[in-house]
Amino acid sequence: MDCGPACIAMISSYYGKQYSIQFLRENSFLTRHGVSLLGISEATQKIGLESVTLKLSVSDLILSKSNIPAILHWNQNHFVVLYKISKTLFTKQPVFHIADPAHGIIKLTQEKFEKSWLSDDEHGVALFLNPTEKFYKEQPQKEEKLTIKFLLNYLKPYKKQLIIMFLLLLLGSGLTLIFPFLTEALIDKGVNAKDLHFIFLILLAQLTLFLGSIIINIFRNWLMLYVGTHLSITIISQFLKKMLQLPIKFFDTKLMGDFQQRIQDNDRIEEFLTSQSLTTFFSIITFSVFFGVLWYYDFKILIVYLTLTIISIIWSFYWLRKRKILDYFRFQHRSENQESIYEMLNGVTEMKLNQFEEFKINEWENIQQKLFRLNTRILKLDQIQLSGFEFFNQLKNILVTFLAATYVVQGKMTLGMLLSISYIIGQMNSPVNQLIGFIRSLQDAKLSLERLNEVQNHQLEESEKLKQLSIQNDLPKKDNKIGITLKNLSFQYEGPNSPFVLKNINLFIPDGKITAIVGASGSGKTTLMKLLLRFYNPIQGEIYYNKENILTLSPESIRKNTGIVMQDGFIFSDTIERNIATKDKQIDNKKLNKAVKIAHIKEYIETLPLQYNTKIGAAGNGLSGGQKQRILIARAVYKNPHFIFFDEATSALDAENEKIIHDNLQEFFKNKTVVIIAHRLSTVKNADNIVVLKKGEIVEQGSHQTLINKKTEYYNLVKNQLELGN
């Protein structure tokens, strides 16, 4: 999804400017299908990189190597950066150096390079970029980054619990410090002195301390669970609230699996804030105290221990850097995996009908293979890191034990001191392991934070500057400006050079009247409705609600005053009454009764055993297409809004039910501003004004009879449906 913006970021970085992926993503006009070469060109022009796109052979590309880095179209579904072409030492064969956002830095022979780059037998596509004066003048926008300080704010409500955990950990650390001295006393004053009473007392003290440690750990774990669970709920809740405040356009470029993986990613932040942070803090305190005790016993032993510990930590840090790259790939593959499962579960009927099961299962298995290969790489890296760390640790233990044993043989140290040192070394190893775990957890939390960052720093749909839409029912009807006005409206989805979905629309939708919009599929009808609801902003031209520019109005206030039935309307996994009343905490039964009567679904609901409390949607009874549409119509009617927008609201209904609902709605439509989009033209016959769209443009408008008499576009649309003569 982000390979195009990532390639631009790499090349702009090569020329000395650091642009955030988020900024480049917004200017690359991404869709759910990814990014196009056209979108990449638009983004590069925005930052001052002059682009030239060429289709050329490998030999021509080698001759053009002075113009690289360049962006290459890769495997017909991806973009990479070619940043260097070198030659092998002996054979002088070309070697292509590729920076691939999905795999990292790779080197390819000409044969392998051709397999991925060539789009036909001899040619591949390359985008060459050169910085202009504008590039060096432009200053990249500073990206607001979420910091660990921001995360620590989540801990503020749990000060009391954290103080108790702090004291318990402090007490636990204190208890562990007593053990080495008890061990020394046990050997030197108990075993050597053959004093059984003293030995019994020391062992009893050890047992008591051990039980104390167990009790402290039990209380600490309960507190950790309490804080961790509440913290996780807070983080995910805030993420969801923020996400739902973003504009619809944001969701057009995201897949379901991507959001699910981000939510699961929050577990890593919660783990870092609770278990890892506090435990590591006290481990460092414990380490420091034992460090002093070891110094007290012997300085040389301390130097040996410290040297090998530092080597083992440096070894671990080196491999942690490599692990970070693999974590990005794991996020991507897990997101693909969840999307694949979600698609299979939702599309099971169509899969069975079209014998698509085997293909989809194979597709899922391929994702599992990718995950397996990635997990193999992660395991390999973890094993190298862990094996090296354990080797240096064991070497350190052996050398320290050897030194201490030498001192005992030479009479410089007692046997009790030897055992005490062995215990201290064992206890000091644990904090070092925890420190490595903490660094790994911090790395995970920061990576998860970067993924949250995209949502947290995205501009919200609502702002305080925006005005509320005012419904001016009381204005005199002679004021012909009351209603919705579209002036020279044009719209395109994918940037300035993409095709226009709507072109130069001039239209007035009068207040209190019914306006119908008709046209063939793909003529821009649904897009027009989405613009009226401010899902998107116009590319050119303006939309006015009662003389107020739509860009100055709150999107929420427009939708609050509008009853909408969309083509792809959604039924929630909830009761029928909750699906109709939606946001009302206290359901108004009078309004509910009126809504189901108008939508002609009252009789069906009352035949169900649980009637209005029947659960429908994903977790309830299946609905037919017509029943689903009637629920959606009832939902729009229940709101009793001033504006009514219907997009193919009765397309799944039979003619008889459609006529009943159509007749029921006529009374409801009185004094309301209604916009109806329909293919079935019998539903728009009685509209005050019928607007005909063709290829994104208005070709004619007027009443049903006027347009029939013209015998042009509208006439051609309806003649088969209404069996008109030639």
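Above: the structure in question.
Given the structure is predicted, the values throughout are model-derived calculations rather than measurements.

Student: Could you give me a rundown of the overall build of the protein chain, with the residues and numbers involved?
Tutor: Counting its regular elements, the protein chain contains 24 helices and 18 strands. Every one of the 726 residues in the protein chain was classed for burial, and the buried ones make up 47%. Expressed as a percentage of contacts within the protein chain between residues at least 6 apart in sequence, the contacts between residues at least 24 apart total 73%. With an accessible surface of roughly 38400 Å², the protein chain has 57% of that area assigned to carbon and sulfur atoms.

Student: Describe the sheet that holds strand β11 (residues 548-549), listing the residues and the values that go with them.
Tutor: Pairing between sheet strands relies on hydrogen bonds along the backbone, with the strands arranged either parallel or antiparallel. In space, the 4 strands of this open sheet follow the order β8-β7-β10-β11, with antiparallel pairing throughout. Where the open sheet ends on each side, the last strands, each with one partner, are β8 (502-510) and β11. Examined bridge by bridge, strand β10 (residues 540-545) and β11 share 2 bridges and lie antiparallel to one another. Opposite Tyr545, over in β11, you have Glu548 as the bridge partner. Against the sheet, helix α16 (residues 525-532) engages β7 (483-491), β8 and β10, with an angle of about 120 degrees to β7.

Student: Could you give an account of the sheet that holds strand β2 (residues 70-74), naming the residues involved and the relevant values?
Tutor: One open sheet accounts for 6 strands, arranged β1-β6-β2-β3-β4-β5; its pairing is antiparallel. Since the sheet does not close on itself, it has two edges, and those belong to β1 (49-56) and β5 (104-109), each with one partner. For this sheet the average axis-to-axis angle between neighbouring strands, irrespective of direction, equals 30 degrees. Note: β2 against strand β3 (residues 78-87), 5 bridges, orientation antiparallel. Note that in β3 the partner of Leu72 across the bridge is Val80. Packing against the sheet, helix α3 (residues 37-46) makes contact with β1, β2, β3 and β6 (124-131), and its axis sits at approximately 150 degrees to β1.

Student: Now, about the pattern of salt bridges: what can you tell me, with residues and values included?
Tutor: Summed over all chains, the structure comprises 6 salt bridges. We note a salt bridge from Asp663 to Lys659, for which the minimum N-O separation is 3.1 Å. Of this pair, Asp663 and Lys659 are both found in helix α22 (residues 655-668), 4 residues apart, which corresponds to roughly one turn of the helix. Among the residues examined, Asp663 registers a relative accessible area of 41% and is labelled partly exposed. Classification of Lys659 by relative accessible area gives exposed; the value is 54%.

Student: Quick one: what's the story with the packing of aromatic side chains, residue by residue and with numbers?
Tutor: Two numbers describe a pair of aromatic rings. These are the distance of the centres and the angle of the planes. The full count for this structure, using the stated rule, is 14 aromatic pairs. Between Phe96 and Phe113 the ring centres are 4.0 Å apart and the planes differ by 5 degrees, which places this aromatic pair in the stacked class. Of this pair, Phe96 sits in strand β4 (residues 94-100) while Phe113 sits in helix α5 (residues 110-117), and the two are 17 residues apart along the sequence. Of the two residues, Phe96 and Phe113, neither departs from the other in class, the shared state being buried. Pairing Phe643 with Phe645 gives two aromatic rings, centres 6.5 Å apart and planes at 55 degrees, and the pair type is tilted. Classification of Phe643 by relative accessible area gives buried; the value is 0%. One cation-aromatic arrangement involves Lys17 over Phe135; the distance from NZ or CZ to the ring centre is 5.4 Å. Lying across the ring of Phe668, Lys672 places its NZ or CZ 4.8 Å from the centre.

Student: Tell me about the side chain of Ser12, residues and numbers included.
Tutor: Position of Ser12 among the secondary structure elements: in helix α1 (residues 3-14). Judged by its relative accessible area of 0%, Ser12 falls in the buried class. The contacts of Ser12, once residues within four sequence positions are left out, are Lys17, Tyr19, Ile47 and Phe135.

Student: Can you break down the nonpolar core residue by residue, with the values?
Tutor: Counting residues in each nonpolar core, the largest one holds 47 residues, and the members touching the most others are Ile580, Ile633, Phe646, Leu665, Phe669, Val684 and Tyr714. Per-element accounting of this core gives the leading share, 7 residues, to helix α21 (residues 625-639). Sequence-distant contacts of Tyr714, that is, excluding residues within four places in its chain, are made with Val518, Leu681, Val684, Ile690, Val692, Glu700, His704, Leu707 and Ile708. Judged by nonpolar contacts, the second largest core, of 29 residues, contains Ile484, Tyr536, Tyr545 and Phe645.

Student: Requested: an account of the side chain of Asn689, with residues and values cited.
Tutor: Inspection of the secondary structure assignment puts Asn689 in strand β17 (residues 689-694). Polar side-chain contacts of Asn689 include one of 2.9 Å to the side chain of Gln701. A polar contact of 3.2 Å, which involves the side chain of Asn689, links it to the backbone nitrogen of Gly702.

Student: How would you sum up unusual backbone geometry? Please name residues and give values.
Tutor: Backbone geometry at Asn488 places phi at a positive 45 degrees, although glycine is not the residue there. Tracing the backbone shows Asn488 in strand β7. Judged by its relative accessible area of 42%, Asn488 falls in the partly exposed class. We note that Arg534 has phi near 60 degrees; this positive angle belongs to a residue other than glycine. Relative to the assigned elements, Arg534 resides in the loop between α16 and β10. On the basis of relative accessibility, which here comes to 12%, the residue Arg534 falls in the buried class.

Student: Outline a nonpolar patch on the surface, supporting the account with residue identities and numerical values.
Tutor: Side chains of Phe200, Leu201, Leu204, Leu207, Phe210, Leu211, Ile214, Ile218, Trp222 and Leu225 sit close together on the surface and give an oily, nonpolar patch of about 1000 Å² of accessible area. Relative to the elements of secondary structure, Phe210 occurs in helix α9 (residues 196-244). By relative accessible area, Phe210 is classed as partly exposed at 48%.

Student: Explain the environment of Ser20 to me, and be specific about the residues and the numbers.
Tutor: Mapped onto the elements, Ser20 comes out in the loop between α1 and α2 (21-26). Considered as a pair, Ser20 and Ala6 are 14 residues apart in the sequence and their alpha carbons are 9.0 Å apart. Engagement of the side chain of Ser20 in a polar contact is seen with the backbone nitrogen of Phe23, the distance being 3.1 Å.

Student: Please give an account of the packing of helix α19 (residues 589-598) against α21 that cites residues and values.
Tutor: Axes are the key here: two packed helices are described by the angle between their axes and the distance separating the axes. With their axes 8 Å apart at the nearest point, α19 and α21 run at an angle of 135 degrees to one another. Considering the angle they form, α19 stands oblique to α21. Considering only the axes of α19 and α21, their crossing is right-handed. Two secondary-structure elements touch here, α19 through Lys591, Leu592, Ala595, Val596 and Ile598 and α21 through Ala634, Val637 and Tyr638. Among the residues making up the contact of α19 with α21, the classes are represented as 7 nonpolar, no polar and 1 charged.

Student: Explain the environment of Ile571 residue by residue, including any values.
Tutor: Along the chain, Ile571 falls in the loop between β12 (562-565) and β13 (574-575). Placed 60 residues apart in sequence, Ile571 and Ile631 show a C-alpha to C-alpha distance of 8.2 Å.

Student: Explain the state of the cysteines residue by residue, including any values.
Tutor: On inspection of all chains with the given rule, the structure shows 0 disulfides. No disulfide involves Cys3; its sulfur sits 6.1 Å from the nearest other cysteine sulfur, which is in Cys7. In this structure Cys3 comes out as buried when scored by relative accessible area, which is 11%. Overall, the relative accessible area of 0% leaves Cys7 in the buried class.

Thresholds applied
- Residues numbered from 1 in each chain as written.
- Predicted model: local features only at pLDDT ≥ 70, side-chain atom pairs only at ≥ 80, totals over all residues.
- Heavy atoms only, no water.
- Helix = DSSP H or I, 4+ residues; strand = E, 2+ residues; numbered from the N terminus.
- Buried < 20%, exposed > 50% of the residue type's maximum accessible area, 1.4 Å probe, protein only.
- Contact = heavy atoms within 4.5 Å.
- Areas by Shrake-Rupley, 256 points an atom, 1.4 Å probe, with all protein chains shown as cover.
- Pairing = 2+ DSSP bridges.
- Axes fitted to C-alpha atoms, helices over the stretch in contact; angles between N-to-C directions.
- Salt bridge = Lys/Arg side-chain N within 4 Å of Asp/Glu carboxyl O.
- Phe/Tyr/Trp six-rings, centres within 6.5 Å; stacked < 30°, edge-to-face > 60°.
- Lys NZ or Arg CZ within 6 Å of the ring centre and 35° of its normal.
- Core = buried A, V, L, I, M, F, W, Y, C linked by side-chain atoms within 4.5 Å.
- Polar contact = N/O pair within 3.5 Å; in protein donor to acceptor, adjacent residues only side chain to side chain.
- Patch = residues over 30% accessible without salt bridge, like charges linked within 9 Å, V, L, I, M, F, W, Y side chains within 5 Å.
- Parallel < 35°, antiparallel > 145°, perpendicular 65-115°, else oblique.
- Left-handed = near helix turned anticlockwise from the far one by under 90°.
- Nonpolar A, V, L, I, M, F, W, Y, C, P; charged D, E, K, R; others polar.
- Disulfide = S-S within 2.5 Å.

By themselves, these are just geometric observations and shouldn't be taken as functional.
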